[in-house]
Amino acid sequence: KGALVVLRTNTDDLASVDEFKNILGDTAPPNISAHPASEHPHRHGNPTNEYLKLLLHECGSSYRIQFEELTKRAFVFVYTDYTYMAMLIISHLFFATVTAAIFNNLTDNFTGVQDRLGVLFMCAVYICLAHAIMALNRFRGGKQLYIREQQVGAFSPTLYFIATSLADLPILIFSILLMCIIVYFSTGLYNSAEAFFYFFAVLNLCSVGAFGMGSLIGAAFDNEFVATAAIPLVQMPMLLCGGLLADNKQVRPYFVWLEKISLHRYSSMLLFHNEFKRLGALDCDVAKFGITTCALVPKRGSEVMPYLKFDDEQDAEWVMWLTMAVFVVIIKLMHLGAMHFISRSKSN
């Protein structure tokens, strides 16, 4: 069903399609065409490419059919790769378990604030780095097949991009959900459904951006060693400007542009906002830290962000959401543009 049979004769006289259908009887496919020997693919350029172009020209296709077939293939490609799925889930569970063991039972005091900053920042960093590497390996696994198919114009690069992006989402969301459940409730972050799903949403948006970044790097470099080395090369400056490692005075104004392209900063800032705006009173052990220190540290969760100098207009919560969403869209569009560039450059 839906097969295409092409008959070729040893001369330029077309073969009798009706006679061939009679031979096949009820088993004859509906799409049968005949071509003279002069159109044999070995007579013009690359035999495989020319032959496939001829078949595509004969049977044609639509964007709907391309999208359906590409989506089916993308889902099969992802969800029959048991090694990939197992490693994705295991790595998230391992990170969540180690994080939960180290930051177990966070307290509502000055020390607890530092620990909350640490666990939230590490969650953002892990998603940014791990998902970029995973995306790089995923894209490189199908890159050569994609190039060969683009050489014959088998499908639209845009439809391929959409189909593969949709196929990756379920397993990524599931693995992040497992990680969030373990980390969030084992460490003792603010206990509310709204705060949890806020935390979950930020990490998912971060994952989309990191996956796009890894795929973009995979498309940009043909050498796998260079592509792998480019991940930390690109992300380390973003990490340094992520908000927790370097003070704002060290970054601004000369390196402020690194803040604008730091997925780590957007994610961690939103996680900080989500946590500290909900916390109430914060204790300070005078006997341990002294009267002077306790007088200077935040007394409530809402005072933590101004204390850390994260109260600028550009650090506002709605600004972080907007800029992060725009940044993710730009990364995905760059990835799509790179795929179109590959399809054209490799076919010339």
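The structure this text deals with has already been given above.
Now for a description of the structure that goes with this document. Residue indices begin from 1 for each chain and proceed along its sequence in written order. At least 70 in pLDDT is required for a residue's local features to be given in this predicted model, at least 80 for side-chain atom pairs to be given and counted, and no such filter applies to totals for whole chains, interfaces and linings, which use all residues. Side-chain figures throughout are based on the complete set of non-hydrogen atoms in the structure, without hydrogens or water.

Put simply, DSSP H or I for four residues or longer makes a helix, DSSP E for two residues or longer makes a strand, and each gets a number counted from the N terminus. A count of helical and extended segments in the protein gives 15 helices and two strands. By the burial criterion, 44% of the 348 residues in the protein qualify as buried. Only heavy atoms enter the contact rule, under which two residues are in contact if any of them lie within 4.5 Å. Intrachain contacts of the protein at a sequence separation of at least 6 include 77% that bridge at least 24 residues. With an accessible surface of roughly 18100 Å², the protein has 63% of that area assigned to carbon and sulfur atoms. Only protein chains enter the calculation, and the probe is 1.4 Å; a residue is then buried if its accessible area is under 20% of its type maximum, exposed if over 50%, and partly exposed in between. Note on areas: Shrake-Rupley with a 1.4 Å probe; residue coverage comes only from the protein chains shown.

This paragraph deals with the packing of aromatic side chains. When two rings of Phe, Tyr or Trp (its six-membered ring) have centres within 6.5 Å they constitute a pair, described as stacked for plane angles under 30 degrees, edge-to-face for angles over 60, and tilted for the intermediate range. In this structure the tally under the stated criterion is twelve aromatic pairs. On the numbers, 6.4 Å between centres and 15° between planes, the contact of F272 with F310 is stacked. Residue F272 is located in helix 11 (residues 263–276), and its partner F310 is located in the loop between helix 14 (304–307) and helix 15 (317–345); the two are separated by 38 residues in the primary sequence. Classification of F272 by relative accessible area gives buried; the value is 0%. Looking at R138, its charged tip hangs above the ring of Y84, at a distance of 4.1 Å from the centre. We call a charge positioned above a ring when the Lys NZ or Arg CZ atom is no farther than 6 Å from the ring centre and deviates by at most 35 degrees from the ring normal. The ring of Y198 carries the charged tip of R278 above its face, separated from the ring centre by 6.0 Å.

In this section: the nonpolar core. Each nonpolar core is a collection of buried residues, namely Ala, Val, Leu, Ile, Met, Phe, Trp, Tyr and Cys, held together in the definition by side-chain atoms within 4.5 Å. Ranked by size, the top nonpolar core spans 68 residues in total, and within it F199, L203 and F272 carry the most contacts. At 16 residues, helix 5 (residues 110–151) tops the list of elements feeding residues into this core. Ignoring anything within four residues of it in the chain, the contact list for L203 reads C123, A124, I127, I176, M179, C180 and L271. One finds Y146, I147, F155 and A163 within the second-largest nonpolar core, a separate group that totals 15 residues.

Take unusual backbone geometry next. Phi is positive for N105, close to 55°, though the residue is something other than glycine. Positionally, N105 belongs in the loop between helix 4 (82–102) and helix 5. Here the phi dihedral of K309 falls at roughly 65°; this positive angle occurs in a residue that is not glycine.

All right, on to helix 8 (residues 224–240) then. By definition here, a helix of n residues has an expected span of 1.5 Å times n minus one. For helix 8, spanning 17 residues, the distance from its first C-alpha to its last is 25 Å, which sits close to the expected 24 Å at 1.5 Å a residue. Among the residues of helix 8, those classed as buried are A227, A230, I231, Q235, M238 and L239. Along its buried surface, helix 8 packs onto helix 5, helix 7 (193–220) and helix 11. Under the rule applied, a polar contact is a pair of N or O atoms within 3.5 Å (in protein, one hydrogen donor and one hydrogen acceptor; residues adjacent in sequence only if both atoms are side-chain atoms). Two or three places before F225, at the start of helix 8, stands the capping residue N223, its side-chain oxygen 2.9 Å from that residue's backbone nitrogen.

The next subject is the packing of helix 3 (residues 63–79) against helix 6 (residues 157–187). To obtain each axis, a line is fitted to C-alpha atoms, and for helices this fit is confined to the stretch in contact; angles are then taken between N-to-C directions over 0 to 180 degrees. Contact pair helix 3 / helix 6: the axes reach a minimum separation of 8 Å and the direction vectors enclose 35°. Crossing angle aside, the handedness with which helix 3 passes helix 6 is right-handed. Residue-level inspection shows Y63, Q66, F67, L70, T71, R73, A74, F75, V78 and Y79 of helix 3 in contact with helix 6, the latter providing L159, Y160, I162, A163, T164, L166, A167, D168, P170 and I171. Side-chain classes are defined by residue name, with Ala, Val, Leu, Ile, Met, Phe, Trp, Tyr, Cys and Pro counting as nonpolar, Asp, Glu, Lys and Arg as charged, and the others, Gly among them, as polar. Looking at the contact of helix 3 with helix 6, its residues break down into 15 nonpolar, three polar and two charged. In this scheme the crossing of two helices becomes right-handed for a clockwise turn of the near helix relative to the far one and left-handed for an anticlockwise turn of less than a right angle.

On the surface, a cluster of nonpolar side chains totalling about 350 Å² of accessible area is made up of F75, I162, L166, L169 and I173. Relative to the assigned elements, I162 resides in helix 6. In this structure I162 comes out as partly exposed when scored by relative accessible area, which is 34%. Patch definition: residues with relative accessible area over 30% and no salt bridge; like charges joined within 9 Å; nonpolar side chains (Val, Leu, Ile, Met, Phe, Trp, Tyr) joined within 5 Å. One speaks of a salt bridge when a side-chain nitrogen belonging to Lys or Arg is within 4 Å of a carboxyl oxygen belonging to Asp or Glu.

Our working definition of a disulfide is a cysteine sulfur pair at a distance within 2.5 Å. Applying the stated rule across the entire model yields one disulfide. In this model C284 forms its disulfide with C294; the gap between the sulfur atoms is 2.0 Å. Across the S-S bond linking C284 and C294, the dihedral sits near -75°, which makes this disulfide left-handed. Of this pair, C284 sits in the loop between helix 11 and helix 12 (286–289) while C294 sits in helix 13 (residues 291–296); the two residues are ten residues apart in sequence, bridging distant segments of the chain. Unpaired in terms of disulfides, C128 finds its nearest cysteine sulfur in C206, a separation of 3.2 Å. A relative accessible area of 1% places C128 in the buried class.

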